[in-house]
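# Secondary and tertiary structure notes
Each chain, written out:
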Amino acid sequence: LGTGGWHFVHWNLARDSWSEPGPGTVMKLRYTSLQVDTGAAEEDGGVSVVGVGLGGRPVVACTLHSQVGCVAAAFDRCAPRRRLVYVMTDSAALPLALSDLVFDLRQRELLAATVTCGQAFGGDHEAVSVPSALLVATTVARADAIVVGPGPGVVGTGSEYGFGGVEVAAVVDVAAHLGGRPIVAVRYSDADARDRHRGVSHHTTTTLALAACRPLVVVPRGRGGRDGLGEVVEVDLPDDLDFGPTTSMGRAPAEDPGFFAYAAAAGVLAAQMVVR
C-alpha cells in the first residue's frame, strides 16, 4: 500500500496474469484493497499555477445528484453549443460509472466533460480536490460553465449538519475565491413527505448560512416559498424543457414540479451568464 503493512489483493479468476501501468502516481480509494492508480490532471502541470482562475465562469453547486440533470437540461436549452462540465465530488457514490443520469446526459450531449475529484473516480479527468477540479474543468475541459455535485446515493440524517450536501458551502466559497460566480441550485419540493424538505429544504438554507461568501440564489419567476433564501434572482423557465429520464427520489417532473423548476432555474441563470 505504499507505506508498509498488510497487502490485500483482489484477483480475477478469469486471468492468470495481468500487468498494466497506471496513468500516473495518484491513487484513489487509497488504502483500501481496491485502491487504483487513476492518475490526476494536476500531475501534468499547468493546472494549479499562480494566476490561473475561473475567469468569472458560473459554478452551480448542487446538493443532490438529480439536480445536475435539471441544471444540464436548462443550460443546454438556453445556451446551446456552450460547454457545461460536471465536477463530481466524493460525498456520495465514488465511481462515476454508477450514474445512469450522467450516462444519459453524455448520450444527449448535455455535458461536455466530467471531472471526478477527491476519492471519486472514473471521469474524463481526475482531480485531487474540488479547487483543482474547478481549474481542471476550466483549463483542461474548456468549460464555459461548471456544475458541481455529488454522485448518486447522497446521505442525510435529519440532523442540522449531518448530510452530504453540506459541502455546498465550501464549494461556493472556493468558487468565489478562484474568481468564479457561484450559484446555488435550491433544493425545493412540492411532494416530499419530510417537513425539513417540503418547500425550500433546510439543506439549502443551512448551507447558505454556513457559506462565507454570498452566492447567487435563483428561483423560477413567480414561485413562492423563499423562506431563508434572502435576496434572490428570478428567471423565466423555458416552456419546453426536456428533463429526459431524470427523477428525484423516484419522482418524475409531473410528480414534483417544484424540485425540477428550482434546480433548472440555476441552469438558466448560468446560461444567461455565458451568452451575455
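Residues numbered from 1 in each chain as written. Predicted model: local features only at pLDDT ≥ 70, side-chain atom pairs only at ≥ 80, totals over all residues. Heavy atoms only, no water.

### Here's the deal with helix α5 (residues 202–210)
For the record, the criterion: Only protein chains enter the accessibility calculation, which uses a 1.4 Å probe; a residue whose area is less than 20% of its type maximum is buried, one above 50% is exposed, and one in between is partly exposed. Each helix is a run of DSSP H or I of at least 4 residues and each strand a run of E of at least 2, with the numbering of both proceeding from the N terminus. Residue contacts are defined here by distance: any two heavy atoms, one from each residue, within 4.5 Å place the two residues in contact.
Turning to α5, its buried residues number three or more, namely His 202, His 203, Thr 204, Thr 206, Thr 207 and Leu 208. Looking at the buried positions of α5, the neighbouring elements they touch are α4 (168–177), β8 (181–184), β10 (199–200) and β11 (216–220).

### As for empty space enclosed by the protein
Applied cut-off: In this analysis, the protein atoms alone were mapped onto a 1 Å grid. Cavities are point sets where a 1.4 Å probe fits without being able to get out; pockets are open sets with protein on both sides within 12 Å along at least five of seven lines; lining residues have an atom within 4 Å of a point. Grid points are joined across faces, edges and corners, and a volume is the space filled by probe spheres set on the points. As a working rule, the residues Ala, Val, Leu, Ile, Met, Phe, Trp, Tyr, Cys and Pro are called nonpolar, Asp, Glu, Lys and Arg charged, and the rest polar, with Gly in that last group.
One pass over the full model with this rule turns up 1 cavity of 30 Å³ or more. For the largest cavity, the calculated volume is near 40 Å³. Lining the largest cavity we find Leu 64, Arg 187, Tyr 188, Ser 189, Asp 192, His 197, Ser 248, Met 249, Arg 251, Asp 256 and Phe 259. Grouping the amino acids of the lining of the largest cavity by side-chain chemistry returns 4 nonpolar, 3 polar and 4 charged.

### Topic: the nonpolar core
As a reminder of what qualifies: Here, the term nonpolar core denotes a set of buried Ala, Val, Leu, Ile, Met, Phe, Trp, Tyr and Cys residues that are joined through side-chain atoms within 4.5 Å.
Ranked by internal contacts, the top residues of the largest apolar core, which has 41 residues, are Val 60, Phe 75, Tyr 86, Leu 111, Val 147 and Ile 183. Counting only elements with at least two residues in this core, the list comes to α1 (65–78), β4 (84–88), α2 (100–107), β7 (145–149) and α6 (257–275). With 12 residues, the top contributor of residues to this core is α6. Apart from residues no more than four positions distant in its own chain, Val 60 is found in contact with Val 71, Ile 146, Val 147, Val 148, Ile 183, Ala 185, Ala 266 and Ala 270. Residues Ala 41, Val 130, Val 171 and Tyr 262 belong to the second largest nonpolar core, which totals 38 residues.

### Side note on the packing of helix α3 (residues 130–139) against α4
The condition is simple: Lines fitted to C-alpha atoms define the axes, with helix axes restricted to the stretch in contact, and inter-axis angles between N-to-C directions lie between 0 and 180 degrees. Under this scheme an angle from 65 to 115 degrees is roughly perpendicular, one under 35 degrees roughly parallel, and one over 145 degrees roughly antiparallel; angles in between are oblique. Two helices cross in a left-handed way if the nearer one is turned anticlockwise from the farther one by less than a right angle. They cross in a right-handed way if the turn is clockwise.
In contact at an axis separation of 10 Å, α3 and α4 are set at 55° when each is read in the N-to-C sense. In terms of orientation, α3 lies oblique with respect to α4. You can see that α3 and α4 cross each other, and the crossing is right-handed. Residues Val 130, Pro 131 and Leu 134 of α3 lie in contact with α4, whose contacting residues are Val 171, Val 174 and Ala 175.

### Here's the deal with the sheet that holds β11
To keep things clear, this is the line we draw: When DSSP finds two or more bridges between two strands, those strands count as paired.
Pairing is parallel in the open sheet, where 8 strands are placed in the order β6-β5-β4-β7-β3-β8-β11-β12. The open sheet has two edge strands with one neighbour each: β6 (125–127) and β12 (233–235). Here the average twist between neighbouring strands, direction ignored, is 30°. Docked against the sheet, α3 engages β3 (58–61), β4, β5 (113–117), β6 and β7, running at close to 160° with respect to β5. Sheet strands in contact with α4 are β3, β7 and β8, and its direction is about 160° off that of β8.

### Focus on the packing of α1 against α2
Following both chains from N to C, one finds α1 and α2 inclined at 15°, their axes separated by 9 Å at the closest point. Judged on the interaxial angle alone, α2 and α1 are roughly parallel. Crossing hand, α1 versus α2: left-handed. Along the contact surface, α1 presents His 65, Ser 66, Val 68, Gly 69 and Ala 72, while α2 presents Leu 101, Val 102 and Leu 105. Class assignment for the residues of the contact of α1 with α2 results in 5 nonpolar, 3 polar and no charged.

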